[in-house]
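# Examining the three-dimensional arrangement
Now for the letters of each chain:
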Amino acid sequence: AQKITQTQPGMFVQEKEAVTLDCTYDTSDPSYGLFWYKQPSSGEMIFLIYQGSYDQQNATEGRYSLNFQKARKSANLVISASQLGDSAMYFCAMREGYGGSQGNLIFGKGTKLSVKP
Amino acid sequence: DAGVTQSPTHLIKTRGQQVTLRCSPKSGHDTVSWYQQALGQGPQFIFQYYEEEERQRGNFPDRFSGHQFPNYSSELNVNALLLGDSALYLCASSLADGHQPQHFGDGTRLSIL
């Protein structure tokens, strides 16, 4: 079974509008972290935002926010006021375990976001 | 503050050859992880090094091996290359702390002919 599911292979959004990229996860570990990365066509993976399983509040980083619904096991990324430079692949990832155990990242298949002028 | 650097950027090899990819972690980071990203897919975990030891390994054959040096830099070696090894190889570094994100380099694009 897939541990990270991104059901939107591609999304379009108008410049300056908000967009939500979906991510659901599957784990039986009570301690885990959820991450979103952006990958432009050049290839580098850029860290955007992190949410820990025990965090009470949804994470926010500038124009990025994470809509964390623990009971539904979803961790959707919301990008506000989209910019042309936001066009890229977006990956949701999970790391199981905490503390000294630097667990590996498990990635979804990604969502390609295209911002229209 | 230099981020994660990888070399080379691109590499072309033929089947059966061996390849070594290199990675220097972000300053202050002590843990290095390697990922393979096939075209159109998300990255797949290969292995992770901490204190010069392989700490975790993903579902990759023994043809994939690695090393971490005292300065925390790392190498990924792949022997007996197959066409299916063509991919973007990403190195990520982090601190040995479960709360910290992994920071990635720009990757090495390996093509097997």
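Preceding this paragraph is the structure being described.
The numbers attached to residues start from 1 for each chain and follow its sequence in the written order. To read the labels, note that chains go from A and ligands from 1, taken in the order they are written. Only residues with pLDDT of 70 or above have their local features reported here, since the model is predicted, and side-chain atom pairs are shown and tallied only from 80 upward, although totals for entire chains, interfaces and linings are computed over all residues. Hydrogens are left out, water is left out, and the side-chain values use all remaining heavy atoms of the structure.

## Looking at the overall build of chain A
Here is the rule: A run of H or I in DSSP becomes a helix once it reaches four residues, and a run of E becomes a strand once it reaches two; helices and strands are each numbered from the N terminus. As defined in this context, the radius of gyration uses C-alpha atoms, and a globule is described by 2.2 Å times the residue total to the power 0.38. Exposure classes here rest on a 1.4 Å probe applied to the protein chains alone. A residue is buried below 20% of its type maximum, exposed above 50%, and partly exposed in between.
Regarding its fold elements, chain A presents zero helices and 12 strands. In summary, chain A has a C-alpha radius of gyration of 14 Å against a globular reference of 13 Å for 117 residues, a match within 12%. Projected onto the principal axes, the alpha-carbon positions of chain A cover approximately 45 × 30 × 25 Å. Looking at chain A as a whole, 48% of its 117 residues are labelled buried.

## Looking at the packing of aromatic side chains
Residue and element names in this part refer to chain A. Applicable threshold: Pairing of aromatic side chains requires ring centres within 6.5 Å, counting the rings of Phe and Tyr and the six-membered ring of Trp. Pairs whose planes differ by under 30 degrees are stacked, by over 60 edge-to-face, and all others tilted.
Scanning the model with the defined rule gives 14 aromatic pairs over all chains in all. A ring pair is formed by tyrosine 37 and phenylalanine 47, whose centres lie 5.9 Å apart and whose planes are at 65°; its orientation type is edge-to-face. On the criterion of sequence distance, the pair formed by tyrosine 37 in strand 5 (residues 32–39) and phenylalanine 47 in strand 6 (residues 46–52) is long-range, its members being 10 residues apart. With relative accessibility at 0%, the residue tyrosine 37 sits in the buried group. On the basis of relative accessibility, which here comes to 25%, the residue phenylalanine 47 falls in the partly exposed class.

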